[in-house]
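Breakdown of the fold
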Amino acid sequence: MTSRTRQILTHVLGGLAFLSVPVLFSPDFDTALDMLHVRGFQQDFLRYLVLLVFFYFNFYVLVPKLLITRRYVLFVAIELVCFAAIVFLVESAVPAPDFSDRPIPAPPHHHGNFDLFRLNHHLFQFLVVVLFSIMLKMTSRLRKVERERVNAELSYLKAQINPHFLFNTLNSIYSLAIDHSEKTAPTIVKLSGMMRYVMAEAGKDFVPLEKEISYLSDYIELQRMRAGEAVSVSYNVSGDPTGKKIAPLVLIAFIENAFKYGVNAEEDSVIKVQIDIHGSQIHLVVFNNKVKVRKPIDGGGLGVENTRARLELVYPGRHVLTISDNPRDFLVSLIIKL
């Protein structure tokens, strides 16, 4: 049984179990089908049915679209409207019995405590459904975030510090050593720093922004060294990253993508990376012109699409990702509110 089938089956069984509550706990349960004509049972069953529909509306729409994105006022307002609509629907959909043709006086309509009791009953069940849907959504979201974090860590351990990347970089370092270049030692330090960062920091939820930028800088410098003069690389960072934190390895995929598909020694290759930090906001812009390239050997990694999904999980409603894929160039603009 697939996880999707198991999830659907769980929802179906859970819904049936929820709807069985007013049946099993009805005081008229022993009268079998006669209880279907009892107004109290009809109201209870209708209330549970409407609450079940509201649960899924809350679970799939209100919580992810409003609560998680921190639109609290609108979330509370819509919840109150839904509560009022449910109470009105349940109380008005099942009409009161008609006693006008009976010789005995109709039972008096109680106000005050009776109405307050019914309202409290509605409110209690409504709040239980709301809190349960929020709890399930948050639990599901945390599990998904954890899976994405683990996948990101494993992907980068395999892709960013992979044998092909190391092979090319070490070859470049070897050439520097043969020429007795003064860049040999700093280049080795950059490579070891990248490896240390991925292995030590990739598993964390958030890391200091200055460490993430340092990792990006080392990556770009090593790629620039490998490409040499065949590629025009522009890289600039403005603003102060001190005291700010970011999800690890959430920016690198866009820069990596530019070097994978924007480098060809036989063509004019241009790559531009700009990082601007303003207050609690970071803006990444990555540009590369398109050139003819072979299929990258060191493919894999997190990838742009997986990074897009990860941003939705870690920064819901707090990021803007714009990707312009034109015939001649590729441009990425990512704004994150840290």
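So, a few notes on the structure that sits alongside this text.

A few words now on a nonpolar patch on the surface. A grouping of Ile8, Leu9, Val12, Leu13 and Leu16 is seen on the molecular surface, where their side chains present a nonpolar patch of about 460 Å² in accessible area. For Leu9, the position within the fold is in helix H1 (residues 3-24). Under the relative-accessibility criterion, Leu9 is labelled partly exposed at 40%.

In this section: the layout of surface pockets. Considering only enclosed or pocket space, the largest pocket measures out at about 1,100 Å³ in volume. Together, 37 residues line the largest pocket, and His11, Phe59, Leu136, Lys137 and Ser140 are the ones closest to its centre. Every element with two or more residues in the lining of the largest pocket is listed here: H1, helix H2 (39-67), helix H4 (113-159) and helix H9 (304-314). Counting residues per element, the lining of the largest pocket draws most heavily on H4, at 13 residues.

Looking at the secondary structure, you find His319 in strand S6 (residues 319-325). One polar contact links the side chain of His319 to the main-chain carbonyl oxygen of Tyr315, over a distance of 2.7 Å. In this structure, His319 is in contact with Leu311, Glu312, Leu334, Ile335 and Ile336, ignoring residues within four places of it in sequence.

Procedures and definitions
- Residues numbered from 1 in each chain as written.
- Predicted model: local features only at pLDDT ≥ 70, side-chain atom pairs only at ≥ 80, totals over all residues.
- Heavy atoms only, no water.
- Patch = residues over 30% accessible without salt bridge, like charges linked within 9 Å, V, L, I, M, F, W, Y side chains within 5 Å.
- Areas by Shrake-Rupley, 256 points an atom, 1.4 Å probe, with all protein chains shown as cover.
- Salt bridge = Lys/Arg side-chain N within 4 Å of Asp/Glu carboxyl O.
- Helix = DSSP H or I, 4+ residues; strand = E, 2+ residues; numbered from the N terminus.
- Buried < 20%, exposed > 50% of the residue type's maximum accessible area, 1.4 Å probe, protein only.
- 1 Å grid on protein atoms, 1.4 Å probe; cavity = no way out; pocket = protein on both sides within 12 Å on 5 of 7 lines; lining within 4 Å.
- Points joined across faces, edges and corners; volume = space filled by probe spheres on them.
- Polar contact = N/O pair within 3.5 Å; in protein donor to acceptor, adjacent residues only side chain to side chain.
- Contact = heavy atoms within 4.5 Å.

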